[in-house]
Structure formats: C-alpha cells, structure tokens
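# Examining the three-dimensional arrangement
The residues making up each chain are set out below.
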Amino acid sequence: MSDPSDDQRDELASAYLDGDATPAERAQVEADPALVRRVAELGVVRAALGAPGPSAGAETRDRAITAALATASPPAATVTPIDRHRSSRRALVVLGAAAAAVAVIAAVAVVATRSSNTGTSTSAGVSTTARAAGSTASFGPETQSAGAATSAAPTGGVSSTTVAASAAGRDASAAAATSAPPYLGVADDDSELRALLGATSASAVSPLPAPASAANSCTVPGATLVGTVTWQGTLAHVFVANGVATVIQVSDCRPIATVPLT
Amino acid sequence: LGRNSPPTETQATARYPEPIDAAADAELVVAAQGGDEAALDALLRAHYDRVYALCRRITGNDADAADAAQDALISIVRGLPRFDGRSSFATWVYRVTSNACLDELRRRRRRAVPGLPDHEGSEPTDPTVPLDTTVTDRFTLDEALAGLPEDYRLAVVLRDVADLDYAEIASVLDIPPGTVRSRIARGRAALAASLGGNRASPPRRPTPQP
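Here the structure is a predicted model, which means the values were calculated and not measured. (Residues numbered from 1 in each chain as written. Chains lettered and ligands numbered in written order. Predicted model: local features only at pLDDT ≥ 70, side-chain atom pairs only at ≥ 80, totals over all residues. Heavy atoms only, no water.)

### Let's talk about the overall build of chain B
Rules: In DSSP terms, a helix is any run of H or I states spanning at least four residues, a strand is any run of E spanning at least two, and both are numbered starting from the N terminus. Relative accessibility thresholds used throughout: buried, under 20% of the residue-type maximum; exposed, over 50%; partly exposed, between the two (1.4 Å probe, protein chains only). Values of accessible area rely on a 1.4 Å probe in the Shrake-Rupley scheme; residue burial ignores everything except the protein chains shown.
Helix and strand counts for chain B stand at 9 helices and 0 strands. Walking chain B from its N terminus toward its C terminus, one meets helices and strands in the order α-α-α-α-α-α-α-α-α. Counting over 210 residues, chain B shows a buried share of 53%. Of the roughly 9200 Å² that chain B leaves accessible, carbon and sulfur atoms contribute 55%.

### Description of the packing of aromatic side chains
Residues and elements named next belong to chain B. Inclusion rule: For this analysis, a ring pair means two rings from Phe, Tyr or Trp (six-membered ring only for Trp) whose centres lie within 6.5 Å, classed as stacked if their planes differ by under 30 degrees, edge-to-face if by over 60, and tilted for the remaining angles.
A complete count under the given rule lists 4 aromatic pairs over all chains for this structure. Ring geometry for F83 and W92: centres 5.1 Å apart, planes at 40°, overall tilted. Here the two residues F83 and W92 agree in accessibility, since each one is buried. What makes W92 buried here is its relative accessible area of 13%.

### Here we look at unusual backbone geometry
With phi around 65°, D163 of chain B is a residue other than glycine that occupies positive phi space. For D163 of chain B, a relative accessible area of 57% corresponds to the exposed category.

### Concerning the sheet that holds strand 7 (residues 244–249) of chain A
Residues and elements named next belong to chain A. What counts is decided by this rule: In this description, strands pair whenever DSSP reports at least two bridges between them. Each axis is a line fitted through C-alpha atoms, taken for helices only over the stretch in contact, and angles between the N-to-C directions span 0 to 180 degrees.
An order of 3-5-6-7-8 is seen for the 5 strands of this open sheet, with the pairing classed as mixed. Strands at the two margins of the open sheet, each flanked by one partner only, are strand 3 (183–187) and strand 8 (255–260). Adjacent strand axes in the sheet meet at a mean angle of 30° when their direction is disregarded. Bridge count for strand 5 (residues 224–231) against strand 6 (residues 234–241) is 7 bridges, and the pairing is antiparallel. Residue pairing in the sheet places T228 in a bridge with H237 of strand 6.

### Observations regarding helix 2 (residues 37–59) of chain B
All names here are of chain B. Under the convention used in this document: Two axes enter the definition of the bend at a residue: one is fitted to the seven residues ending there, the other to the seven starting there, and the bend is the angle between them. In the analysis that follows, any N or O atom pair within 3.5 Å is treated as a polar contact, provided that within protein one partner can donate a hydrogen and the other can accept it, and provided that, for residues neighboring in sequence, both atoms belong to side chains.
Maximal helix bending in helix 2 amounts to about 45°, located at H47. Counting buried positions along helix 2 gives 18 out of 23 residues, so the element sits mostly inside the fold. Between the side-chain oxygen of the N-cap and the backbone nitrogen of A38 there are 3.0 Å, and the N-cap of helix 2 in question is D36.

### Here we look at the packing of helix 2 of chain B against helix 7 (residues 150–160) of chain B
Residue and element names in this part refer to chain B. Note the following rule: We call a crossing left-handed when the near helix sits turned anticlockwise from the far one by less than a right angle, and right-handed when that turn is clockwise. Only heavy atoms matter for contacts: two residues are in contact if any of them lie within 4.5 Å across the pair. Residues are grouped as follows: nonpolar covers Ala, Val, Leu, Ile, Met, Phe, Trp, Tyr, Cys and Pro; charged covers Asp, Glu, Lys and Arg; every other residue, Gly included, is treated as polar.
Axis separation between helix 2 and helix 7 bottoms out at 10 Å; the angle between their running directions is 145°. Between helix 2 and helix 7 lies a crossing of right-handed hand. Across from L54, R57 and I58 in helix 2, the residues of helix 7 making contact are R153, L154, V157 and L158. A breakdown of the residues in the contact of helix 2 with helix 7 according to their chemical character gives 5 nonpolar, no polar and 2 charged.

### Things to note about the packing of helix 2 of chain B against helix 3 (residues 62–79) of chain B
Residues and elements named next belong to chain B. Stated precisely, the cut-off is as follows: For this classification, under 35 degrees means roughly parallel, over 145 means roughly antiparallel, 65 to 115 means roughly perpendicular, and everything else is oblique.
Two numbers describe how helix 2 lies on helix 3: the axes approach to 8 Å, and their chain directions differ by 140°. In terms of orientation, helix 2 and helix 3 fall into the oblique class. For the crossing formed where helix 2 meets helix 3, the hand is right-handed. Only D62, D64, A65, A66, A68, A69, A72, L73, I76 and V77 of helix 3 make contact with helix 2, whose side of the interface consists of L40, L44, Y48, V51, Y52, C55, R56 and T59.

### Here we look at the pairing of strand 7 of chain A
All names here are of chain A. Taken across its 6 residues, strand 7 has 5 buried, putting it largely inside the fold. Inspection of the sheet shows strand 6 paired to strand 7 by 6 bridges, in the antiparallel sense. Bridge pairing in strand 7 links A236 to Q249. Hairpin connection from strand 6 to strand 7: 2 residues lie between these consecutive antiparallel strands, with N242 at a positive phi of about 55°. Connecting strand 7 to the next strand, strand 8, in antiparallel fashion are 5 residues, including C253 with a positive phi near 60°.

### Section: the environment of R194 of chain A
Residues and elements named next belong to chain A. Of note, R194 is situated in helix 10 (residues 190–199). Between the alpha carbons of R194 and T262 there is a distance of 8.7 Å; along the sequence they are 68 residues apart. Not counting chain neighbours up to four residues away, the residues in contact with R194 comprise V259, P260 and L261.

### Overview of the environment of A90 of chain B
Tracing the backbone through its elements, the reader meets A90 of chain B in helix 4 (residues 89–111). Sequence separation between A90 of chain B and I20 of chain B is 70 residues, and the spatial gap between their C-alpha atoms is 7.5 Å.

### So, the pattern of salt bridges
Where we set the bar: By convention in these notes, a salt bridge is any Lys or Arg side-chain nitrogen within 4 Å of a carboxyl oxygen on Asp or Glu.
This structure, assessed with the given rule, holds 26 salt bridges over all chains. Between R45 of chain B and D62 of chain A there is a salt bridge, and its shortest N-O distance comes to 2.9 Å. Taken as a pair, R45 of chain B in helix 2 and D62 of chain A in helix 4 (residues 58–69) lie in two separate chains rather than in one. Owing to a relative accessible area of 34%, R45 of chain B belongs among the partly exposed residues under this scheme. Judged by relative accessible area, which is 29%, D62 of chain A ranks as partly exposed.

As structure tokens, then:
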C-alpha cells in the first residue's frame, strides 16, 4: 500500500503535467526536486499513451461505418404548409396505392408460379418485400431519405426468397411513420442475444409487424421486429414469434440464426 | 468482425488521428440531423480513428476494440437525432464511445472461461528495465493498462489518448473534476509502477469526493 502522501504528491505532479495546477501548486512542485522527477516519470507514461497506437485498417473502419449507417433512422419530415403540398401528397398517396397494388399482384403471381412449379419455397419462413423499382419510387421523399438502411443492402439477391405479400400494408401513412428498429447491442451467442432481448423493455418492442417502408426491409411473416443487433459481427434484425428469435442479416435478409428464448 | 474474424490489418499502421475541427463537426452534425447521409458518413469517418484509438486502449486488444468502435458508431448514429449541442460533438462522441467500451468489457467478462488467465491483474515488469524502454512496447503498455481499475483506465485514456481536459472528462464520465484529477494521477502512478517498477504498489481507488 502506498503512503497517502505519495498519492497527494502524485496528484500534484500529475496536475502540474497537465497544466491543471494552481500557481501555488506549481511553485510547490518547482521547489521540490523529487516532485520534479516525479513529473518527468509521469510524463513518460503520458507520452507513451499519447503516442499513436495501432489503428484499425480501412476494411475494419469501412465495415463499422457501413454498419452504423445502416441503422440510421429516416430524418424527421420537414414541416411545410399543407396547402403547398396537398396536391403532391395526394399524388403520392395515389401512386403509393397503385404501386402497392402492383406489388401485391406481382407477389401473388410469383408465389403462384413457384407453387405450381416447385412448391412453396419459404426457406426458414423468411421473405423479402418486393423491390420493384416502381414501388420504391412511389413512396416519395420519406422512403428516399430512409436511404442509409437501404443503401447497405444489395439490389440483387431476392431470387432465393419468396416475395411477400406484405407490400399490401405499405400505404403512404405507414411509409411516413416507419422508423428504424431500436439497436439493442452486440450478441455473439444465444445467451447474449437472450440477454439483449430480456433487457429490451416492453415499450421498446414494436407492437406492429416489421416495418416495410424501405424497399428492401426484411420481414418474417407473423413475427415482430424487436430490434437490430450486431450478431457475430454482422448487422442483423431480430424477429420474435412463438418464443423463438430469428436473426436476419440486414444486408440480404438471409436468416443466420434462430434462438429459442425460453 | 472482431472476435470471429480478427481484423488483421489493424496491426498494419499507427497514426495520429486528425485534429478535431469543431466548426466542421457542427456543420456536419446539422446536415446529418437533417438526413444528409453524406454528412453522416463524413462525420463518422472524421471521428473513427479517435473512437478506435480510445477503444483500443480501453479494451486492450484489436478485436474487442473493433467491436466496441463499431458499436459506438452505431450508438452515435442512433443517438444523433437527440444530440442537442450542449457539449461539443467530440465530447459527446467520447461519452458514447466510453460506454460502448465498458459494455464490451462487460461482455468480455461474461465470456471469460473460469480457470484461464485474464487480462486483468498483470504483474509489474522488471524494475531494472528503464521506464522509457518498456513503455515503447505496446504489449507491455496494454498489459499495464489492463491491470488498472476501469475507472482509472478510462480517466487516463480520455486524458492522454483523447486529449480531453479535466472538465471534459468530468462531463464524459459524469464525475466531479476533482475526482478526475485524482483518478488520472493514481492511474498514471500505477502505470509508472507497472511499467518501470517505480514504487510498485497496487492501485487504490480514490476516496469519493463531493
């Protein structure tokens, strides 16, 4: 155990080093050769810590930034006078409804075609919302500005999953109200995921099905999107249904884990 | 990322992070809060090196630092709409980062396998080796930092790595400036003892200050 007076002298020397000593303290240090030596010793420690340490490589940095951008919420809508935008808003609603109808028809056609050819291919019960260009454009500025989450996902890769009919729920109001799911933290195994979900308050859990305003958001039929996690280094959505959490990779809506919650 | 695919390129180079430009930060923050994705990207890139450096010193290894830094960036993005500018953006970033690093340390403790040696509580190095020689060895420095109590480590790293002043550290850690001063002093003294055998004694926590 060090002498308490040593602690006081170290505090004096350390504060002197940082320029945080009072004039009286500075005079006290400068008049005491032992304290001056101590300032030098602590200065070596400070210099070592302040030296450039190992930095992350570009790949690590870019991955972290991409993951962070993918969790960005759409910005709050700009408040504008209603009369100035009423007509364009009405047009958006009409376009949105038309696009939703097209998406539903397309989804039904795809499902029917697949069912007749190879049977239903809902691997792991996961589906991806329609990504037709028309439906993307039809949701106007809100959807465009949700872009951080949108940009992280590839535009291809839909073919292996069944197109969901959930586009029917994508009316203009849903598109405007959608926000990114809460980020819950990092989980590398089942127990850590359970801990994260256990720590999620009931109010944080969306009472609604997975938001689907983003053109490439993932959905799991019948399951609730409870949040986003970093699962084994990969940004993923977590859906919960019937006591089971399904972890879906954000970038391509691929299921990467299922975790029983009980 | 991280534990599952260690970022081997991390060891490649060491460099000083770019100086903080508070005015540029403020402009980017406003733009990013308004939905400008390019501004948000630029903001994250401007601060990533410091965030990583802080996490690297606090967690003591590359993989955990990469995980914690990514988690910090995600928290920054999620919290940005609520950032009100009462502190500087950089100070807020350090607060978020410190919390992310502490979370990572907690996760690491949960993962720790009983019976295996941990990072914590490393032995002091050979007291006959000059301090200025041993401190150049980053593994020795990592071990010495790992031997510090977390509250000392955070204070010292925020001062000497992030270059925050005492008031800023007090704001980040939500403790009085006097406590910051004593934690930094005790942390540095413990590091000096650990690295060079000076007055080798286990670090003691400061007495609470009002």
